Amino acid sequence: MVSLLALFIGGVAGLRAMMAPALITWAAALGWLDLSGSWLSFLGSNWAVLILTILAVLELVTDQLPNTPSRKVPQQFITRLITGGVAGAAIGIPYELWLAGLVSGVLGAIAGTYGGAWARAKLADHFGNDQPAAFIEDGVAFAVAFIIILSIPAAATI
């Protein structure tokens, strides 16, 4: 279950690079995800919540701009791999599965990057415009990340 949640949070990072770590910081700060004593404990700090939330909101805005580079260019793709891996590792930490979480997060980020680009292109073709497709992708990324975060405590019983 932990690896599956990490895979999905990586997929969210493939859609929106900063959404996954931003929601992880909220989960850690609210006590839903115990990162205390780990190498990612800083994610539960108020500073991490503030900074990553701002970055996630800025990403939602800049994604709408016509000159925003493709998510598949190296710097965008690598960012998604890193944020997906870190978010996945964070999900695995309470269960001593951070490495499995990291790998699952990276794999999810790869799938989310390419699958998200494909789905958004199909939606943009359908609407005849990229903007509605981008808004739908934003909503899907947030909803999936939120469901994953809410599912983390349930993972402790599995």
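Residues numbered from 1 in each chain as written. Predicted model: local features only at pLDDT ≥ 70, side-chain atom pairs only at ≥ 80, totals over all residues. Heavy atoms only, no water.

Colleague: Would you mind showing me how to read the overall build of the protein chain here?
Modeller: Within the protein chain, the secondary structure is distributed over six helices and zero strands. Seen through its principal axes, the protein chain has C-alpha atoms that stretch 50 × 30 × 25 Å. Nonlocal contacts in the protein chain, meaning residues at least 24 apart in sequence, comprise 75% of its contacts between residues at least 6 apart. When the accessible surface of the protein chain is summed, it comes to about 8,000 Å², and 72% of that surface belongs to carbon and sulfur atoms. Averaged over its 6 positive side-chain charges, the protein chain has a centre that lies 10 Å from the centre of its 8 negative ones. (Helix = DSSP H or I, 4+ residues; strand = E, 2+ residues; numbered from the N terminus. Contact = heavy atoms within 4.5 Å. Areas by Shrake-Rupley, 256 points an atom, 1.4 Å probe, with all protein chains shown as cover. Lys, Arg positive; Asp, Glu negative; His and termini not counted. Charge placed at Lys NZ, Arg CZ, Asp CG, Glu CD.)

Colleague: Hey, could you run me through the nonpolar core in this one?
Modeller: Proteins that are soluble and globular tend to have nonpolar side chains buried together. With 31 residues, the main nonpolar core has Ile24, Leu35 and Ile91 as its most contacted residues. For this core, the secondary-structure elements that each account for two or more residues are α1 (2-15), α2 (19-29), α3 (46-62), α4 (74-92) and α6 (130-155). Tallying contributions element by element places α2 first for this core, with seven residues. Not counting residues within four places of it along the chain, the set of residues in contact with Leu35 comprises Ala28, Leu40, Ser41, Leu43, Ala90 and Ile93. (Core = buried A, V, L, I, M, F, W, Y, C linked by side-chain atoms within 4.5 Å. Buried < 20%, exposed > 50% of the residue type's maximum accessible area, 1.4 Å probe, protein only.)

Colleague: Would you mind showing me how to read unusual backbone geometry here?
Modeller: For residues besides glycine, phi is generally negative; the peptide bonds are generally trans as well. Despite not being glycine, Glu96 shows a phi value in the positive range, around 55°. Among the secondary structure elements, Glu96 is positioned in the loop between α4 and α5 (98-127).

Colleague: Explain the pattern of salt bridges to me, please; I cannot follow it from the model alone.
Modeller: Any two side chains of opposite charge can pair, on the condition that their charged atoms come close. Under the defined criterion, the tally for this structure stands at seven salt bridges. A single salt-bridge network, built from bridges that share partners, covers Arg16, Asp63, Arg71, Arg120, Asp130, Glu137 and Asp138. (Salt bridge = Lys/Arg side-chain N within 4 Å of Asp/Glu carboxyl O.)

Colleague: In this structure, what is going on with the packing of α2 against α3? I would like to understand it.
Modeller: Helix-helix packing is described using two parameters, namely the angle between the two axes and the distance between the axes. At a closest axis distance of 8 Å, the pairing of α2 and α3 adopts a crossing angle of 150°. In terms of orientation, α2 and α3 fall into the roughly antiparallel class. Crossing hand, α2 versus α3: left-handed. Contact with α2, carried on its side by Met19, Pro21, Ala22, Thr25, Trp26 and Ala29, involves Ala48, Val49, Leu52, Thr53, Ala56, Glu59 and Leu60 of α3 and no other residues of that element. (Axes fitted to C-alpha atoms, helices over the stretch in contact; angles between N-to-C directions. Parallel < 35°, antiparallel > 145°, perpendicular 65-115°, else oblique. Left-handed = near helix turned anticlockwise from the far one by under 90°.)

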